[in-house]
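Topology and contacts: notes
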Amino acid sequence: MKANGNYKPGLNLNALTTEVVNHKKMYKSKGAWVVASAFLFFGTLGAVGAGANDTTPVVAQTAQQTPTNSVTTPTQSVVVNSTASAVSVQAQATSQSQTSAPTSASSTSTTEGATSTATTKTNQQRETEAQNDVPNNSWTSPVDVQANQTVNQAVKEAKPVINAAGGKITQGAPLDSTKMTPDEQNKSVKDQTDNISQVATGDSVIKDSVDSVGKDTPVKGDSINMTGKSKSEIIKEASKQAVGLGSTDAERETINKAIATAQDIQKAGGDIKKIKFDDSKRTTAEASSATARDTMKIEAVNFADRQLVKEIDQARKIMEKHGGKINQSTAIDATNMSDDDLKNNLDQQIQKIKYTASSDEQLNALAELKSATGALAAKLTETTDGSKMSASDQAKYVQEVANRVHMVLDANQKLKDLSDSLKNEGGSVTINDPIEVTKQDQIKATSDLEKQIAIQKEKVALKNKTAEGQKTIAGQIQQAKDKGLNPVDDGTVEVKATGDVDNVVNQNQSNIDAVKNEIDKINQAVDSAPKNIDYNGGRDGYTQSGHWQALNSNNNNSNFLGKDIKISVVSPDGKNIGNNQVMIASPNLDNSHLITSIIWDKQNPEVVNGRITSDHADPNHYGYKDSTKTLQVAAGTQLKFANAVHLADGSTRDLYVTFDGVSDQNDVDYGKNVDVYNENGQINSYVSGTHSKNKVDNRMTFSVGAPLGQNKENYLFISTITDIDLGQTADTDDNTTVIAVGGGLKSLNGDGNTRYIKADINLGGLDSNGYGIDRDENALNDADSYPDGTIIAAHYGTSWTVGVVNDPASPSLGVAQGMFGQSGKVNAKLINTNVKLKNVDYKYTPEHMNITPYQTPVSVLSTNYHPYSAQVEDHYYTYHPMDIDYYRYMREPEAPKPVETPKKEEAPKETPKAPETPKAQEQVQVTPTPVTPAEAVRQAVQQDSPKPAEKQATLPQTGDSNNIGLEIAGAVTVALTTIGLLGGAKRRKRA
């Protein structure tokens, strides 16, 4: 407690403070300290007041007025002590009715017909005069001055204490003392000063209590006007507020300690929210009960949050390991939850957290399963909120995921089996990234993959079949060679099925057989034909007239055709010149180079080099029969016959012919010109001589496609040469072979070389020695004489020269020869010994299978936890400082009274006598030396009152004359006992 400068000497503040501090140590709570302080304060105050009661009462002066020029010194005034210390406070208003002191009617009234001069003064003016103790005989008396000074001093001393507590001391309207007896005025002064002292004491108690508690406990409320309140009422109000402030501060400290120790609440994310509550609206027992309730709630919430945090920490380690999450959610307000409800809610949360953690372990285990393809059967995705799932719902979810995972495992196993099967068949497999599926119908049917396996099996079978076919074809190639054939690669067939291989092999064999059959025919014809010319039946070593015979081409200068060409007349026909079938076997010859006929129809020949000497032949030289064209050219001239060459493939070529005529005579008219004519399509030439002894050489050189010497391609020439008679010799160049011989002919160079064929000199003669078919003046008659004088010759090369030489012994003068034409045609058939054989191949590309395994999304569960929070009371106390009104005393001047008719004299009433002017020797002398208050009072009594003062009429004395300090202390003691009991109960409950 702080010492107040307004306390009177004799109050040992140091001793009082020491005593309070010593008592403070006895209490553990701040509330008990406040109560103890109040107890000690009021006890000490009561003792001081009791000591002051020894002062002799001072009786107000009523019988004698103080002169207007007299001044009463402060040492003569009666002063009321106040026991309060000035401190600042906070308050919350609590309205209380204010009791105003009675106001003198005379202070505001006027007499009839006149207005008092005193009413013209304001209360402020009056206050100023009263404060300055200025007597004014116009409205007050020395008694009033003394009374006002007494009240003034009480106000002066009490005001700092009351104001420090937040209260106010306010002057009210002055009291009219003219209507008071001295006793009444004395009593009024005493009542006022007692009231002021009591209120000051109460405010001091309130302020000390406010200063002693925490800064958040007191809240200043509205002031309470205690004017006219009894001592017991002031004691009760001050005690109630002092005890209430201390108790509230203790409850606040208890709650704060409980919150500070409840660390698990903050760790869990919960909160303890304090709600303001004014303890002044309830008893201390009610506040203590609320604190006990809130403390227990804090402990219960802290315990629940501690258990929750323990489970959360364990579950979080499991869930986060497997991808799940546990999140803090909104707190649960457990303020109004019973202990059972809180426990049940906590159990439910813990079970949910455990279920979720266990579910995440199972889901993660499913996600780690590998399928047969090597891919994970499941893929962890975003978490699913499991906070709204019950345990059964979570179990269903886990089972549903397990079903999907096993669905994927089964599907991937089937894909693996198919891929292995394809690999076993030689195929290849690529495993793609898996795709996500959630339903059975999202898994594709494996029919396409099964088809791929079937195709791969077919490919393998075809691959093996092709290898077998290639081996067979290799044997066919060797077989063809063994049969004298020339196997030619006819390309490779890309087989698409096993049947294709069989088809190629069979076709190859057919080709071999076909060519072999044709070759066999040629070989049979060649082998069956005589190797030598048969001269039996003929004359003088010549062949028999009318006889036609084929020669063995192997022995008849076949090499002139080239070793790769075999030619034979396979069906000789001695009656029809055009029916002789000639077969050619060659690996290098084709139909585009096989000449079947040369026909000079009606086209005019073109001169390539040389000259035409006449556009028609001289018919006197030779009898030209059915010629359509005749001309004469200089020897050595080359003519072009457009499209005269017909090939076996149906195409035509231009024919270039060089005509040469040679005579051994010097007759310039002969041997220098050649008659050229066509007959029956033949190209005929005639070279004449002067007499039969001439040796005439008639030659024609044939070139196909280009002038002589310019042609680079080889052609096979086959022609029937007729009209060899009268000893003439058919002379052909190299690479010519005779394959058939008619009658009247023989070979000049032996059977092995038929290049030179000579006619019997009598063949075609008209004399008796002559013979031959169809003779006339020109000897044999060309084709009509067939087969006499006829041969079939073949030549292979870029050009072919055929000449007929006259025998000097012959009777003929000239030489005529005809080549080709209709009569020279043969039925030639080329059999190419090249046998075309196809090979087979299979571009084996193994089936490649793209396997796309499956995954199913697996979402682990997350959950929320709800920390527990609560609301507790944040205790505060609204205190109400005490206000008081005080009143001055004054006398209003009497207005003039109207003149009244004298009435019958009545007995006078007992009224106070008018004060008389004191005599000089009776006036109170002012002593310059200070005196004690008691001495001043005694002096005033002796001078101003002849009578002893009555107890009830004494002015208020300094000190606690009414023992209010002791009474408040008694009330506080009772409250202290109550608080101690409640505090002990709370401590036992918390323990």
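The residue numbering used here restarts from 1 in each chain and proceeds along that chain's sequence as written. Local features in a predicted model are, by the rule used here, given only for residues with pLDDT of at least 70; side-chain atom pairs are given and counted only at 80 or more, and totals for whole chains, interfaces and linings are based on all residues. Side-chain metrics in this entry use all non-hydrogen atoms of the structure; hydrogen atoms and water are not considered.

As a further point, take the overall build of the chain. Elements are defined by DSSP. Helices are runs of H or I of four residues or more, strands are runs of E of two residues or more, and each kind is numbered from the N terminus. The number of helices and strands found in the chain is 14 helices and 42 strands. Of all 991 residues assigned to the chain, the portion counted as buried reaches 50%. Only heavy atoms matter for contacts: two residues are in contact if any of them lie within 4.5 Å across the pair. Looking at the chain alone, contacts between residues at least 24 apart form 84% of all its contacts between residues at least 6 apart. For the accessible areas, the method is Shrake-Rupley and the probe is 1.4 Å, while residue cover comes only from the protein chains on display. On the chain, roughly 46400 Å² of surface is accessible, and the fraction owed to carbon and sulfur atoms is 48%. In this scheme, a residue with accessible area under 20% of its type's maximum is buried, one over 50% is exposed, and one in between is partly exposed, where area comes from a 1.4 Å probe on protein chains only.

Next up on the list: the pattern of salt bridges. Side-chain pairing between opposite charges can occur once the charged atoms of the two side chains come close. Salt bridge, as applied in this entry: a Lys or Arg side-chain nitrogen positioned within 4 Å of an Asp or Glu carboxyl oxygen. In this structure the tally under the stated criterion is 28 salt bridges. Two residues, Arg-306 and Asp-264, come together in a salt bridge whose shortest N-O distance is 2.8 Å. Taken together, the residues span a long stretch of sequence, with Arg-306 in helix 8 (residues 284-321) and Asp-264 in helix 7 (residues 263-268) at a distance of 42 residues. Judged by relative accessible area, Arg-306 falls into the partly exposed class, the value being 35%. A salt bridge links Lys-416 to Asp-420, with the shortest nitrogen-to-oxygen separation between them at 2.9 Å. Taken together, the positions of Lys-416 and Asp-420, both in helix 10 (residues 391-424) and 4 residues apart, correspond to about one turn of that helix. On the basis of relative accessibility, which here comes to 26%, the residue Lys-416 falls in the partly exposed class. Among the ionic contacts, a cluster of salt bridges with common partners joins Asp-279, Arg-282, Arg-293, Asp-294 and Glu-873.

If you trace the backbone, Tyr-686 turns up in strand 23 (residues 682-687). C-alpha separation for the pair Tyr-686 and Ala-816, spaced 130 residues apart in sequence, amounts to 4.2 Å.

Omega for the bond connecting Tyr-786 with Pro-787 falls within 30 degrees of zero, at 10°, which places this linkage in the cis form. By the secondary structure assignment, Pro-787 is in the loop between strand 31 (779-780) and strand 32 (791-797). Notably, Asp-723 is not glycine yet its phi reads approximately 65°, a positive angle. Following the sequence through the fold, Asp-723 ends up in the loop between strand 25 (715-721) and strand 26 (729-732). The backbone of Leu-726 shows a phi angle near 50°, a positive value even though the residue is not glycine.

It is worth spelling out the sheet that holds strand 1 (residues 169-171) at this point. Whether two strands pair comes down to DSSP finding at least two bridges between them. Taking strand neighbours across the sheet as the criterion, the 3 strands line up as 1-41-4 in an open arrangement whose pairing is parallel. Lying at the two open borders of the sheet, with one neighbouring strand each, are strand 1 and strand 4 (224-225). Judged from the 3 bridges that link them, strand 1 and strand 41 (residues 882-886) form a sheet pairing that is parallel. Its bridge partner being in strand 41, Gln-171 is matched across the sheet by Tyr-886. Axis lines are fitted through C-alpha atoms, for helices just across the contact stretch, and the angle between N-to-C directions can take any value from 0 to 180 degrees. Its contacts with the sheet place helix 5 (residues 182-212) against strand 1 and strand 41, and it is angled at close to 160° to strand 41.

Turning to the packing of helix 8 against helix 9 (residues 339-367), a few remarks are in order. Interaxial distance between helix 8 and helix 9 falls to 9 Å at its minimum, and their mutual angle equals 5°. Accordingly, the angle class assigned to the pair helix 8 and helix 9 is roughly parallel. Listed contacts from helix 9 to Ala-300, Val-301, Ala-304, Gln-307, Leu-308, Glu-311, Ile-312, Ala-315, Ile-318 and Met-319 of helix 8 are Asp-339, Leu-342, Leu-346, Gln-349, Ile-350, Ile-353, Lys-354, Thr-356, Ala-357, Asp-360 and Glu-361. Among the residues making up the contact of helix 8 with helix 9, the classes are represented as 13 nonpolar, 3 polar and 5 charged. Orientation categories follow fixed angle ranges, with anything under 35 degrees roughly parallel, anything over 145 roughly antiparallel, 65 to 115 roughly perpendicular, and all other angles oblique. Each residue is assigned to one class: nonpolar for Ala, Val, Leu, Ile, Met, Phe, Trp, Tyr, Cys and Pro, charged for Asp, Glu, Lys and Arg, and polar for all the others, Gly among them.

Turning our attention to the packing of aromatic side chains. Stacked, edge-to-face and tilted are the three classes for Phe, Tyr and Trp ring pairs, Trp counted by its six-membered ring, which pair at centre distances within 6.5 Å; planes under 30 degrees apart are stacked, over 60 edge-to-face, the rest tilted. One pass over the full model with this rule turns up 4 aromatic pairs. Between Trp-600 and Phe-641, the aromatic rings sit 4.8 Å apart at their centres with planes inclined by 65°, giving edge-to-face as the arrangement. Residue Trp-600 is found in the loop between strand 16 (595-598) and strand 17 (606-609), and its partner Phe-641 is found in strand 20 (residues 637-647); the two are separated by 41 residues along the sequence. Residue Trp-600 is classed as buried on the basis of its relative accessible area of 1%. Under the relative-accessibility criterion, Phe-641 is labelled buried at 0%. A cation over a ring is seen here: Lys-463 above Tyr-844, with NZ or CZ 4.4 Å from the ring centre. A ring is considered to have a charge above it if a Lys NZ or an Arg CZ atom is located within 6 Å of its centre and within 35 degrees of its normal.

Here we come to the packing of helix 11 (residues 447-482) against helix 12 (residues 498-528). Remark: helix 11 packs on helix 12, axes separated minimally by 9 Å, with the N-to-C direction vectors making an angle of 5°. One finds that helix 11 runs roughly parallel with respect to helix 12. For the pair helix 11 and helix 12, the contacting residues are Ala-461, Leu-462, Lys-465, Thr-466, Gly-469, Thr-472, Ile-473, Gln-476, Gln-479 and Ala-480 in the first and Thr-498, Val-501, Asp-502, Val-504, Val-505, Asn-508, Gln-509 and Ile-512 in the second. Of the residues in the contact of helix 11 with helix 12, the class split is 8 nonpolar, 8 polar and 2 charged.

This part takes up the sheet that holds strand 8 (residues 378-380). Strand order in this open sheet of 3 strands is 8-38-11, and the pairing throughout is parallel. Bordering the open sheet on either side are strand 8 and strand 11 (435-436), each of which pairs with just one other strand. Two elements, strand 11 and strand 38 (residues 854-858), share 2 bridges in a ladder whose sense is parallel. Bridge pairing in strand 38 links Glu-436 to Gln-855.

So, about the nonpolar core. Residues enter a nonpolar core if they are buried and are Ala, Val, Leu, Ile, Met, Phe, Trp, Tyr or Cys, with the set joined through side-chain atoms within 4.5 Å. Leu-655 and Phe-659 are the most contacted members of the largest nonpolar core, which has 45 residues in total. Grouped together as the second largest cluster of nonpolar side chains are 29 residues, Ala-367, Val-401, Ile-453 and Val-858 included.

Within strand 23, 6 of the 6 residues are buried, leaving the element largely enclosed by the surrounding structure. Of the two faces of strand 23, both are covered, the one formed by Gln-682, Asn-684 and Tyr-686 as well as the one formed by Ile-683, Ser-685 and Val-687. Relative to strand 23, strand 22 (residues 673-679) is paired through 5 bridges, and the arrangement is antiparallel. When the sheet's bridge partners are listed, Asn-678 is paired in strand 23 with Ile-683. Counting the residues between successive antiparallel strands, the hairpin from strand 22 to strand 23 contains 2 residues, one of them, Asn-680, with a positive phi of roughly 60°. Pairing between strand 23 and strand 34 (residues 815-819): 5 bridges, direction antiparallel. Each bridged residue has a counterpart across the sheet, and for Val-687 the counterpart in strand 34 is Val-815.

With that out of the way, let us pick up the environment of Ile-522. Mapped onto the fold, Ile-522 is located in helix 12. Assessed through its relative accessible area of 0%, Ile-522 is described here as buried. Sequence separation between Ile-522 and Lys-566 is 44 residues; the distance between their C-alpha atoms is 7.9 Å. Setting aside anything within four residues of it in sequence, one finds Ile-522 in contact with Asp-527, Lys-566, Ser-568, Val-570, Met-583, Ile-584, Ala-585 and Ile-831.

Our next topic: the confidence of the model for the chain. Known as pLDDT, the predictor's confidence for each residue is given on a scale from 0 to 100. Of all residues in the chain, 70% attain a pLDDT of 70 or more, and the chain-wide mean is 76. Note that residues 1-120 has pLDDT below 50 and, in this model, 299 contacts with residues that lie over four places away or in other chains. A low-confidence stretch, residues 666-670 stays under pLDDT 50, and its non-local contacts, those more than four residues away or across chains, total 4 contacts.

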